[in-house]
Amino acid sequence: MTDTARTITKVLVANRGEIALRVMRTCQEMGFKTVAVYSDADRNALHVRAAYEAVRLGPAPVGESYLRGDLVIEAAKRTGADAIHPGFGFLSENAEFVRQVEAAGITFIGPSADSIEAMGDKIAARRRMIAADVPVVPGTADPVTDDDNLRSEAERIGYPVMIKASAGGGGKGIRIVRNAGELLAAAARARSEAAAAFGNDAVYLEKFLSEPRHIEVQIFGDTHGNVVHLGERECSIQRRHQKVIEERPSPLVDDAMRAAMGAAAVKAAQAIGYVNAGTLEFMVDANRDFYMLEMNTRLQVEHPITEMTTGIDLVRWQLLVAQGRPLPLSQDQIRFEGHSIEARLYAEDADHGFLPATGTVGRLELPGGPGVRCDTGLFEGMEVTPYYDPMLAKIIVHAPTRDEAIDRMRRALSEVTITGVTTNLPLLRRTLVHPAFRSGRYDTGTIAAHPELTGTPLSENRRRNVALIAALMAHVLRRRRGFADRPSAASASSAWVDAFRPGDAR
Amino acid sequence: MTDTARTITKVLVANRGEIALRVMRTCQEMGFKTVAVYSDADRNALHVRAAYEAVRLGPAPVGESYLRGDLVIEAAKRTGADAIHPGFGFLSENAEFVRQVEAAGITFIGPSADSIEAMGDKIAARRRMIAADVPVVPGTADPVTDDDNLRSEAERIGYPVMIKASAGGGGKGIRIVRNAGELLAAAARARSEAAAAFGNDAVYLEKFLSEPRHIEVQIFGDTHGNVVHLGERECSIQRRHQKVIEERPSPLVDDAMRAAMGAAAVKAAQAIGYVNAGTLEFMVDANRDFYMLEMNTRLQVEHPITEMTTGIDLVRWQLLVAQGRPLPLSQDQIRFEGHSIEARLYAEDADHGFLPATGTVGRLELPGGPGVRCDTGLFEGMEVTPYYDPMLAKIIVHAPTRDEAIDRMRRALSEVTITGVTTNLPLLRRTLVHPAFRSGRYDTGTIAAHPELTGTPLSENRRRNVALIAALMAHVLRRRRGFADRPSAASASSAWVDAFRPGDAR
Amino acid sequence: MKYHVLVDGEHYEVEVLRESGGFRISLGDESHYADVGTLRDGYAYSLVIDDRSVDIGVEERGDTVSLLIAGGRYPAEVLGEREWIARSIQGTAAEGDMTVRANMTGIVREVLVQPGDVVEIGTTLFILEAMKMENEVKAEAAGTVASISVTAGATVSVGDVVVEIE
Amino acid sequence: MKYHVLVDGEHYEVEVLRESGGFRISLGDESHYADVGTLRDGYAYSLVIDDRSVDIGVEERGDTVSLLIAGGRYPAEVLGEREWIARSIQGTAAEGDMTVRANMTGIVREVLVQPGDVVEIGTTLFILEAMKMENEVKAEAAGTVASISVTAGATVSVGDVVVEIE
């Protein structure tokens, strides 16, 4: 046994929502007990109910609960968990936390603290990648702190430029600047957002590629020196730098390009001795040239589309690698079957400026049937609060061809009903049938470029249908409360009337 | 265009529950509108809600609703449906119905009336299969009507023998007779059950194979003369001749045996010019010799495990073939990936003689996550009535290996909660961990041979846990009704007490 | 509050007391703190007992509370002190097997005996059908059929009296 | 009963009448028979309108009824005859854009103006944060800040008044 061989018997999942549940499912299949941690807002959450044990961390705000690494480690010790899975977000890319976990004799299911640091500071990572001969986007080699530098570097790179948080990820702390006049105000706002989100206000500049595609490559390394890639994921359908729809394979990527991107991704991972699951994000320009953007040193939100097309359970691989086991498959044993698409359901009003939406889930219907997977933490009665990420569910489909996968996703989305919380479901439905998506010729600017995706007027016929049904439903709803003024409403018994009180939101 | 090329635009699904929903999902993906039919008991059923249009057939009993072919055809005409999918059960193997559908100019999505007749009369089918050189189980070549014949034929075949309904299927109308003394009474009961279930009281005798395995082969034929097989399904885990758990591949079948069974199945289908989806059921004895039992001329309940391991949507193929299109894949293009298991959730008390259970579904939690599919018509508030089949849901998993698939199914079953209706969930859970199942060495007698599968006493520790939690829940439930005698219960407001009335089953 | 709980015929005395927002539950030397989250009032609860998480579906029928946990079903009879004493004094009503009830909800397909018939243990009395399955209900005691409450074709619910034997 | 329904600003008069267990709904020349199945009272209904099946989720907020059908969301304002007349007489309250409200539920991250400040259309007044996203709320009218109802760090709900402009 080498020192990388570790026994896992109980896994604490330091996360919430769908990803915590998803990790626990694989743990349970592998025979590991699970420990959930939760904030007061999540006492009744699915991840708490799915776990073998559950430990309260603190109040709802993330700074008092899910970001409290000390409390997480304390919970692991108290329950005897010998491994911690961080999910994504929260503590997943916090090298200091990883060091504390390892110091406590607990296995961190993910890369080493050194790897996280190497890639976590986006500026240092750029330098290493350039050294390893991995193509990167033109930009500053260092954080830019003073305003004069900011101006001169932006001029050098050429507008438009992007201001990015050095410690960033997930699209947060990014500002696009189209001319010198916007530069300083945008930088100030980006710094304050970065400080709030990551505790680090360093920012740097990068060339803004016009209409790029965002394509990433899943890689996996083990402690025996093996690194493989599991193909690409096309993530260009975005709103305000947040991914909305992903698919695999990318309509743009052919076998030669896949091999080239895969080789670059493996080279990048090998350059830092990377172990466990990681993702290399690339920008692809109109010439199909690709530039590495950053490495996400964790499981990605969109990992299921890789699972659906390879048959591999990525969380199982994470747990195997964390125990010092070699990767189950070599590069030439990894095969791709069919086409997979993921649609992210966000609690936001896409038709009104993507405003975050909160509320209590009233009715909930989720999709099912052949080739459909839905990863979610939603349940009826759940409160959607302003404290956490707006992603409510991931709807994932798999089918033999891209056309069939799109048709399957349309069908799956038509099965979703959520009341009480506004979601981006209309945007998802419109995008799937839009010629830009259907043709496969889209980029990160597609949603912004097509206002019809975020609000289409109804046809006269549809308006009439809505009017008819809305009147009917209003009649039914109001009559059951005894508010109707027709005599026939008197049949509502008084008990029935009493049973409904204002504020009866559930 | 040959006369087999037909255009489909709207499909009426002449069924209910999970299979009606499952068929509609593929119709929707292919762009066909759907029509549901329903009995009064199913007004709010999922299949009605999923359909584009819905037509009431009649009262709850099947003889007044789902078996009324005339009303189904009337509904198709009224809504302009140009095709009818029968699902399984009900009218799916009724040749007369198929003729009426075709006479009305509507496409029947399934085999021809002649094929159904050829295979529907089990005795005639045996004769044809013998002629086509397909191995069949020793038995009578004709229906046996008089008691003397019955006795002499049973003696000739040798006890134990099975009495089977000539028009039967789905395990109904089957009686096992171990000695001459039981013969006549059993035959009388089998005839009366057959008459009630199929409107035909003809029965025949077959050799009862001791501890056989029940393995079937999915075949598919098109109107261009192509017939392929899609591999086997192992269906030996049965209770009283009803399948409970199926898996693919069969732990018993190796590549040579698969090829031999596949070839026999294709030969059987070709012998009658079979078109569309069909299944050849085989009995396999201890020597791994296989005998054809019968052909089911329709989609099977357990078709999803074939879908999960081939990536083929069988309903899509049914619809393509019904339009006169050729099969999308040839035999050598059909590949098998991984292992799939299906568990059938029945409304029955498996621990008390498999008594059918009825009730109103209170709380419902269904399984999800990677590699899990759940086909069901269940919803909260649904009434499970005595009128229809007890199957409530099919839980299907897929994983790279059999061991992983079993672990995944255990995990999936642990996510199921249904209150209000007793189900066979405990039997399913016990079977999955039982050495007989885990080893793959099981047969159709396994459930009956292992009484621990249908009732295991709790350990003292488990009993204590149940006592503690049951007392807690009783306290919580009774206190909320204001029945507790402790002063602290006075905090329950009177409105709260009023809101709960006896009989408030929902 | 004290409860008498019967699980698989075994008797346990459990104490349930309010404690800081949750409950303390005790059985002999064993004592746990239980936090109760209500998912759906009357049907679904999330318990955290000490650190253990238990997601639970509940069915209540008279004194019997059935717990549905992780795919398992665990019925238990839960009685208050008063009901327990009353039952101890009264004993179980000795109705015995002379009253034959429907063992499931379904349709009476056939009644095979008439009042006055002499039956033995195992004699088939009537045939019930539900979900296309026939069930033969047999006498569990020998005697004479005193009365029959239904006719063929009738729908009965679980527990309905069908035949009385003297 | 007659309803005035506003969909995307268009006005429709719809009549809803009881008819043999269901309802007749009419709009001008158009008339349909609707059967209403209740799936979950107040939230979920199964409609069969003529033969058309419509599975529907409902949200009600004041006069607005939002229909959730096959993944789409369709809000409509539904008024009775009396409310419609009342509104016609009264007109829309001319509160205008001078009252600046929270456009989402969240935490006030920063207030960028003070009472007495002169603001123009587009001046950022305050920054709201929810779900880790910051939203800048801007003035939609020029004027002088009259009052500010919250301070940084406060939690506000959709529609809460934050700034008044004169």
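1. Looking at the pattern of salt bridges
Counted under the stated rule, the structure contains 122 salt bridges over all chains. Asp313(A) is paired through a salt bridge with Arg22(A); the nearest N and O atoms lie 2.9 Å apart. Of this pair, Asp313(A) sits in the loop between α10 (303–310) and α11 (314–322) while Arg22(A) sits in helix α1 (residues 17–29); the two residues are 291 residues apart in sequence, bridging distant segments of the chain. Classification of Asp313(A) by relative accessible area gives buried; the value is 8%. The partner of Glu19(C) in a salt bridge is Arg24(C), and the shortest N-O contact between them spans 2.6 Å.

2. A look at the interface of chain D and chain A
With 63 residues of chain D at the contact, the number on the chain A side is 64 residues. A buried area of about 5500 Å², summed over both sides, lies between chain D and chain A, and 61% of it is on carbon and sulfur atoms. Of all residues in chain D, Tyr43(D), Tyr74(D) and Met131(D) give up the largest surface area on contact with chain A, accounting jointly for 14% of the area buried on that side. At the junction of chain D and chain A, the tally comes to 8 salt bridges. When the shortest N-O distance is used, the salt bridge between Glu60(D) and Arg478(A) registers 4.0 Å. Summed over the shared surface of chain D and chain A, the result is 19 residue pairs in polar contact (both at pLDDT 80 or more). Here the side of chain D that touches chain A gets 7 residues from one element, more than from any other, and that element is strand β6 (residues 52–61) of chain D. Each residue belonging to the side of chain D that touches chain A can be placed in one class, and the counts come to 36 nonpolar, 11 polar and 16 charged.

3. Considering the sheet that holds strand β12 (residues 124–130) of chain D
All names here are of chain D. Taken together, the 4 strands give an open sheet; going across it, the order is β13-β12-β10-β15, and neighbouring strands pair in antiparallel fashion. Strands at the two margins of the open sheet, each flanked by one partner only, are β13 (133–138) and β15 (155–156). Direction of pairing for strand β10 (residues 106–111) relative to β12: antiparallel, over a ladder of 4 bridges. When the sheet's bridge partners are listed, Glu110 is paired in β12 with Ile127.

4. Concerning the domain arrangement of chain A
As assigned here, chain A comprises domain 1 (10–109), domain 2 (111–136 + 210–337), domain 3 (138–207) and domain 4 (460–500). Look at where the C-alpha atoms of domain 2 of chain A and domain 4 of chain A centre, and you get two points 54 Å apart.

5. Re the side chain of Thr419(B)
Mapped onto the fold, Thr419(B) is located in the loop between β22 (417–418) and α13 (425–433). Polar side-chain contacts of Thr419(B) include one of 2.8 Å to the backbone nitrogen of Arg363(B). When residues no more than four places from it in sequence are discounted, the contact partners of Thr419(B) are Thr360(B), Val361(B), Gly362(B), Arg363(B), Tyr43(C), Gly57(C), Val58(C), Glu59(C) and Leu68(C).

6. Some details on the interface of chain B and chain D
Counting residues at the interface gives 11 residues for chain B and 12 residues for chain D. Both faces considered, chain B and chain D share a buried interface measuring about 1000 Å² in area, 40% of it formed by carbon and sulfur atoms. Linking chain B to chain D there are 3 salt bridges. Of the charged contacts in the structure, one is a salt bridge between Asp35(D) and Arg43(B), with a shortest N-O distance of 2.4 Å. Our count for the chain B to chain D interface comes out at 9 residue pairs in polar contact (both at pLDDT 80 or more). Within the residue set of the side of chain B that touches chain D, elements represented by two or more residues are α2 (46–50), β3 (53–58) and α3 (69–79) of chain B.

7. Quick look at the domain arrangement of chain C
Domain boundaries in chain C define domain 1 (2–86) and domain 2 (98–165). Between domain 1 of chain C and domain 2 of chain C, the C-alpha centre-to-centre distance is 36 Å.

8. Things to note about the confidence of the model for chain A
Confidence in the prediction of chain A, expressed as mean pLDDT, is 90, and 93% of residues score 70 or more. Low pLDDT, under 50, characterises residues 484–506 of chain A; the stretch is placed with 24 contacts to residues that sit more than four places away or in other chains.

9. Details of the sheet that holds strand β9 (residues 213–221) of chain A
Sheet strands pair by backbone hydrogen bonding; their relative direction is either parallel or antiparallel. Residues and elements named next belong to chain A. Across the sheet, 8 strands lie side by side as β13-β12-β9-β10-β11-β14-β21-β19; this open sheet has antiparallel pairing. Unpaired on one side and paired on the other, β13 (290–296) and β19 (372–376) mark the two borders of the sheet. Sheet twist, expressed as the average angle between the axes of neighbouring strands with direction ignored, equals 25 degrees. Pairing of β19 with strand β21 (residues 391–399) involves 5 bridges; the strand directions are antiparallel.

10. A word on unusual backbone geometry
Of the consecutive residues Tyr159(A) and Pro160(A), the connecting peptide bond is found in the cis state with omega at -5 degrees. One can find Pro160(A) in the loop between α7 (147–157) and β6 (161–165). Here the phi dihedral of Asp8(C) falls at roughly 50 degrees; this positive angle occurs in a residue that is not glycine. As for its position among the elements, Asp8(C) is in the loop between β1 (2–7) and β2 (10–19). Here Asp50(D), not a glycine, exhibits a phi torsion of approximately 55 degrees, which is positive. Mapped onto the secondary structure, Asp50(D) falls in the loop between β5 (44–49) and β6. With a relative accessible area of 42%, Asp50(D) lands in the partly exposed category.

11. Points about the side chain of Arg298(A)
Residue and element names in this part refer to chain A. Take Arg298: it is sitting in the loop between β13 and α10. Engagement of the side chain of Arg298 in a polar contact is seen with the side chain of Gln300, the distance being 2.7 Å. Non-local contacts of Arg298, meaning those with residues more than four positions away in its chain, are made with Gly87, Phe88, Gly89, Ser92, Glu93, Tyr274, Ala277 and Gly278.

Calculation rules
- Residues numbered from 1 in each chain as written.
- Chains lettered and ligands numbered in written order.
- Predicted model: local features only at pLDDT ≥ 70, side-chain atom pairs only at ≥ 80, totals over all residues.
- Heavy atoms only, no water.
- Salt bridge = Lys/Arg side-chain N within 4 Å of Asp/Glu carboxyl O.
- Helix = DSSP H or I, 4+ residues; strand = E, 2+ residues; numbered from the N terminus.
- Buried < 20%, exposed > 50% of the residue type's maximum accessible area, 1.4 Å probe, protein only.
- Contact = heavy atoms within 4.5 Å.
- Buried area = accessible area lost by both parts, 1.4 Å probe.
- Polar contact = N/O pair within 3.5 Å; in protein donor to acceptor, adjacent residues only side chain to side chain.
- Nonpolar A, V, L, I, M, F, W, Y, C, P; charged D, E, K, R; others polar.
- Pairing = 2+ DSSP bridges.
- Domains from an automatic or database assignment.
- pLDDT = per-residue confidence, 0-100.
- Axes fitted to C-alpha atoms, helices over the stretch in contact; angles between N-to-C directions.

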